[in-house]
Amino acid sequence: MPVVEAVATVPVPPELAFAVSQTTAPVRYRWDPFVREQHFTDGAPRPGKGVRTFTRSRHGLVMVSEYVSFAPPTTVGMKMVRGPWFFEMFAGGWRFAPAAESGHTVATWRYSFRCRPAFLRPVADRVGGWLLTRDIRRRIAGYAAGCADPEVLAATRRSLTADDPADGGTT
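Now for a description of the structure that goes with this document. (Residues numbered from 1 in each chain as written. Predicted model: local features only at pLDDT ≥ 70, side-chain atom pairs only at ≥ 80, totals over all residues. Heavy atoms only, no water.)

## Observations regarding the packing of aromatic side chains
Then step 1. Within the structure shown, the criterion is met by 13 aromatic pairs.
Then step 2. Measuring from centroid to centroid gives 5.4 Å for Phe18 and Phe70, while their planes differ by 65°, and the two rings are edge-to-face. Taken together, the positions of Phe18 in helix α1 (residues 14-21) and Phe70 in strand β4 (residues 62-71) put the pair 52 residues apart, joining distant regions of the chain.
Then step 3. Residue classification places Phe70 among the partly exposed positions, given a relative accessible area of 27%.
Then step 4. Cluster of aromatic residues (ring-pair linked, three or more members): Phe18, Trp31, Tyr67, Phe70, Trp94, Phe96, Trp109 and Tyr143. (Phe/Tyr/Trp six-rings, centres within 6.5 Å; stacked < 30°, edge-to-face > 60°. Helix = DSSP H or I, 4+ residues; strand = E, 2+ residues; numbered from the N terminus. Buried < 20%, exposed > 50% of the residue type's maximum accessible area, 1.4 Å probe, protein only.)

Next up, the structure:
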């Protein structure tokens, strides 16, 4: 099964780095070049294990994915529930770890996939790997820029405060 990965070191601590990665519209559209439309489904107000997300990519492809793990501020994992016909399986995991430099985070994003139909898989997996590698690198670069964007960071900090019950939030 092919796996693609991208790594970036961002100038914010893991808690904030993780929170930036989980932003929603309109903040997400400011940093994420892959996403054209994204929202939680089934009335979910925020991410969490079992929550589903509708995503329309910049390519116009639609995927519904489900959080299979959600452990702020270190990891998040998702799997495709419904998506483009050429993916038999698609899953992703994002990890956030303290960097050697204080106040920085190493973000590692990894996707695994399997294409269909099976008889085309040897070629389709190679083409898919090339395309997904290009997209994941572009996407993590956008994320890194978002982690340095004062507007993204301010909105993310506000959302963290709003979700903190000690600050009157609604977690």
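Moving on from the coordinates now.
## Remarks on the sheet that holds strand β6 (residues 87-98)
Then step 1. Across the sheet, which stays open at both edges, the seven strands sit in the order β1-β7-β6-β5-β4-β3-β2 with antiparallel pairing between neighbours. Of all the strands in the sheet, just β1 (3-10) and β2 (35-40) have a single pairing partner and so form its edges. Each strand of the sheet is rotated relative to its neighbour by a mean of 20°, with strand direction disregarded.
Then step 2. The pairing of β2 with strand β3 (residues 52-57) spans five bridges and is antiparallel. Across the sheet, residue Phe40 finds its bridge partner in β3, namely Thr53. (Pairing = 2+ DSSP bridges. Axes fitted to C-alpha atoms, helices over the stretch in contact; angles between N-to-C directions.)

## Regarding the pairing of β6
In regular strands, side chains alternate between the two faces of the sheet.
Then step 1. The sheet contact formed by strand β5 (residues 75-82) and β6 spans five bridges and is antiparallel. The partner of Val76 across the bridge, within β6, is Trp94.
Then step 2. If you look at the hairpin formed by β5 and β6, you'll find four residues sitting between the two strands.
Then step 3. In this sheet, strand β7 (residues 105-115) lies alongside β6 in antiparallel orientation, the contact comprising 11 bridges. Its bridge partner lying in β7, Gly92 is registered against Tyr111.
Then step 4. The turn linking β6 back onto β7 is made up of six residues, and Gly103 within it adopts a positive phi angle of 80°.

Note that all results are geometric; they support no functional claim without further evidence.
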